[in-house]
Structure formats: C-alpha cells, structure tokens
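Take a look at the letters that make up each chain.
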Amino acid sequence: MPKNKGKGGKNRRRGKNENENEKRELVFKEDGQEYAQVTKMLGNGRLEATCFDGTKRLCHIRGKLRKKVWINGGDIILVGLRDYQDGKADVILKYSSDEARNLKAYGELPESAKINEETGEDGDDNVYFDECDVDDDDIDEM
C-alpha cells in the first residue's frame, strides 16, 4: 500500500469555500440576459424563475455553478435568454442579498422585487389557527 503524502483527498477540498466573503464587482445585465427571481427548485439542476420582464421561465443551472453555488427559492439570479426557446433560460450568476439590494438601488430591479423573501410553495402560506376553548380535562375523557 502506498503512503498518503498529501493533505487529504477530495473531502478536504470540498469543505472549504475560500472566496466566500470576498467582494466582487457587480455584474449588470447585457442584451440577451435578464434578471429573475427563483420561484421553485425543480431538481436535476433546473429551476423555475419569474423574470422581471414578466415571463416565467424554466432555467437550467450551468455546470460551473452547479455544485459550487447553492441557489434557493427567492434568490435573485441573472439568466441568459435563448434565441430559439423563449420559455427556457440558463442561470449565469446568483446575486447575494447585498448585491441584489445594490441592483435595486441602481434601478436595475423593479421596486416590486422582494429580496430575501421566499416566493415558492415551500413557505408556511400564512396559515393561522384560532384559539379554542377546550379544557385539558375534556381531551382526557375522549
């Protein structure tokens, strides 16, 4: 058996994210790109997003982002539109909440855009229960 001379295998590399709190330059959309908000994660590297031009699109997460950048419902993303399929797009970039707030301040995102709020069906749907007047003794008798 050969001796391991390194500092560990792929599990060691997987654990670290060295550029996590590094500031990066804010990327604005170009032609053929659009800002969107994630509505639902579908699995298999795909998601449903509502673009800020008013269209709902099925988006594919590109391989560079797939296991390195985690995308959740409600995140603001930059998608590349397809010339041949209007209902589908490709995720190019995920904006952090600070970057999304900056985009909103610059007027790139509409004022109706909700940052840091989940928009999918995974939420609690604002279900509230009324208090009932049942004593604990009544429950024991049932």
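Residues numbered from 1 in each chain as written. Predicted model: local features only at pLDDT ≥ 70, side-chain atom pairs only at ≥ 80, totals over all residues. Heavy atoms only, no water.

**What to know about the overall build of the protein**
Broken down by element type, the protein carries four helices and five strands. When the elements of the protein are put in sequence order from the N terminus, they spell out α-β-β-β-α-β-β-α-α. Out of the 142 residues in the protein, the part that is buried amounts to 25%. By sequence separation, contacts in the protein at least 24 residues apart represent 52% of the contacts at least 6 residues apart. For the protein, the exposed area adds up to about 11400 Å²; of that, 44% sits on carbon and sulfur atoms. (Helix = DSSP H or I, 4+ residues; strand = E, 2+ residues; numbered from the N terminus. Buried < 20%, exposed > 50% of the residue type's maximum accessible area, 1.4 Å probe, protein only. Contact = heavy atoms within 4.5 Å. Areas by Shrake-Rupley, 256 points an atom, 1.4 Å probe, with all protein chains shown as cover.)

**Things to note about the pattern of salt bridges**
The tally for this structure, following the rule as stated, stands at eight salt bridges. For Arg 57, the salt bridge is made with Asp 53, and the minimal N-O distance between the two is 3.4 Å. (Salt bridge = Lys/Arg side-chain N within 4 Å of Asp/Glu carboxyl O.)

**Quick word on the pairing of strand S1 (residues 33–43)**
Direction of pairing for S1 relative to strand S4 (residues 76–81): antiparallel, over a ladder of five bridges. Residue Glu 34 lies in a different strand from S4, and its bridge partner there is Val 79. Of the pairings in the sheet, the one linking S1 to strand S2 (residues 46–51) comprises six bridges and is antiparallel in character. Bridge pairing links Ala 36 to Cys 51 in S2. Hairpin geometry of S1 and S2 is characterised by an intervening segment of two residues between the two adjacent antiparallel strands and by a positive phi of about 60° at Asn 44. (Pairing = 2+ DSSP bridges.)

**Looking at the packing of aromatic side chains**
Think of a pair of aromatic rings as described by two things: how far the centres are apart, and how the planes are tilted against each other in angle. This structure, assessed with the given rule, holds two aromatic pairs. Between Phe 28 and Tyr 106, the aromatic rings sit 5.8 Å apart at their centres with planes inclined by 65°, giving edge-to-face as the arrangement. With Phe 28 in the loop between helix H1 (10–15) and S1 and Tyr 106 in the loop between helix H3 (97–105) and helix H4 (136–141), this residue pair connects regions lying 78 residues apart in the sequence. Judged by its relative accessible area of 35%, Phe 28 is partly exposed. (Phe/Tyr/Trp six-rings, centres within 6.5 Å; stacked < 30°, edge-to-face > 60°.)

**A word on the environment of Leu 26**
Inspection of the secondary structure puts Leu 26 in the loop between H1 and S1. Put simply, Leu 26 and Ala 100 are 74 residues apart on the chain and 9.4 Å apart in space, counted from C-alpha to C-alpha. In this view, Leu 26 contacts Tyr 95, Glu 99, Asn 102, Leu 103 and Tyr 106; residues no more than four positions away in its chain are not counted.

**Regarding the confidence of the model for the protein**
Keep in mind that low pLDDT regions are not for reading the predicted coordinates in detail. Scored by pLDDT, the protein has a mean of 80; 69% of the residues are at 70 or more. Confidence scores differ between elements of the protein, with H4 showing the lowest mean pLDDT of 63 and strand S3 (residues 56–61) the highest of 93. (pLDDT = per-residue confidence, 0-100.)

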